[in-house]
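# Reading the structure
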Amino acid sequence: RKACSPRRPPRAMAVLGPGLSAGDIAFMFLCTGMVQFMTPGLAFFYGGLVRSTHIITIMLQSYLSLGITFILWYVVLFSMSFGDTIGGVIGDP
């Protein structure tokens, strides 16, 4: 029998680095996908609440807000979620 050797970190931790978890990132991708599926339904719902002349405008507003949200997530909020922490509560953008 071999003597007990210290356990090596799983391969995912070696690739992702300390503090990042493959499960956390997978959960974020799952939530992002669910929001992307929800947006067309919300656009159609809002389109049904207005006159037929304003449907396209309302649907474009829904997709525009989705685009702005994803740009903000990429530029600022990802580092606030997964970056260095300020007091252990929120990340440093």
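What counts, and at which threshold
- Residues numbered from 1 in each chain as written.
- Predicted model: local features only at pLDDT ≥ 70, side-chain atom pairs only at ≥ 80, totals over all residues.
- Heavy atoms only, no water.
- Helix = DSSP H or I, 4+ residues; strand = E, 2+ residues; numbered from the N terminus.
- Expected span 1.5 Å × (residues − 1).
- Buried < 20%, exposed > 50% of the residue type's maximum accessible area, 1.4 Å probe, protein only.
- Patch = residues over 30% accessible without salt bridge, like charges linked within 9 Å, V, L, I, M, F, W, Y side chains within 5 Å.
- Areas by Shrake-Rupley, 256 points an atom, 1.4 Å probe, with all protein chains shown as cover.
- Salt bridge = Lys/Arg side-chain N within 4 Å of Asp/Glu carboxyl O.
- pLDDT = per-residue confidence, 0-100.
- Contact = heavy atoms within 4.5 Å.
- 1 Å grid on protein atoms, 1.4 Å probe; cavity = no way out; pocket = protein on both sides within 12 Å on 5 of 7 lines; lining within 4 Å.
- Points joined across faces, edges and corners; volume = space filled by probe spheres on them.
- Nonpolar A, V, L, I, M, F, W, Y, C, P; charged D, E, K, R; others polar.

## Concerning helix 2 (residues 22-48)
- With 27 residues, helix 2 should cover 39 Å at 1.5 Å per step; its first-to-last C-alpha distance of 40 Å lies within 8% of that length.
- Within the span of helix 2, buried status applies to Ile 25, Thr 39, Ala 43 and Gly 47.

## Considerations on a nonpolar patch on the surface
- On the surface, a nonpolar cluster with roughly 820 Å² of combined accessible area is contributed by Leu 64, Ile 68, Ile 71, Leu 72, Tyr 74, Val 75, Val 76 and Leu 77.
- With respect to the helices and strands, Ile 68 occurs in helix 3 (residues 55-82).
- On the basis of relative accessibility, which here comes to 46%, the residue Ile 68 falls in the partly exposed class.

## Regarding the confidence of the model for the protein chain
- Within the protein chain, residue pLDDT values average 78, and 78% of them lie at 70 or more.
- Summarising per-element confidence for the protein chain, the mean pLDDT is lowest in helix 1 (residues 11-16) (54) and highest in helix 2 (86).

## Observations concerning helix 3
- Taking 1.5 Å as the rise per residue, helix 3 with 28 residues should run 40 Å; its terminal C-alpha atoms sit 38 Å apart, in good agreement.
- Looking at helix 3, one finds that the buried residues are Met 59, Ser 62 and Leu 66.
- Residues of helix 3 that are buried in the fold lie against helix 2.

## Looking at the environment of Asp 92
- Among the structural elements, Asp 92 can be located in the segment after strand 2 (90-91).
- Sequence spacing of Asp 92 and Leu 77 is 15 residues, and the spatial spacing of their C-alpha atoms is 9.4 Å.
- When sequence neighbours within four positions are dropped, the list of residues in contact with Asp 92 reads Ser 79, Asp 84 and Ile 86.

## Brief notes about the side chain of Ser 62
- Here Ser 62 shows up in helix 3.
- Apart from the residues lying within four places of it in its own chain, the contact partners of Ser 62 are Thr 39, Ala 43 and Tyr 46.

## Considerations on the layout of surface pockets
- Of the voids in this model, the largest pocket is the one considered here, and its volume is about 260 Å³.
- What lines the largest pocket is a set of 13 residues, and nearest its centre among them are Thr 32, Val 35, Leu 66, Thr 69 and Phe 70.
- Put simply, the parts of the chain that give the lining of the largest pocket at least two residues each are helix 2 and helix 3.
- Ranked by the residues each element gives to the lining of the largest pocket, the list is headed by helix 2, at seven residues.
- Along the lines of polarity and charge, the residues of the lining of the largest pocket split into eight nonpolar, five polar and no charged.

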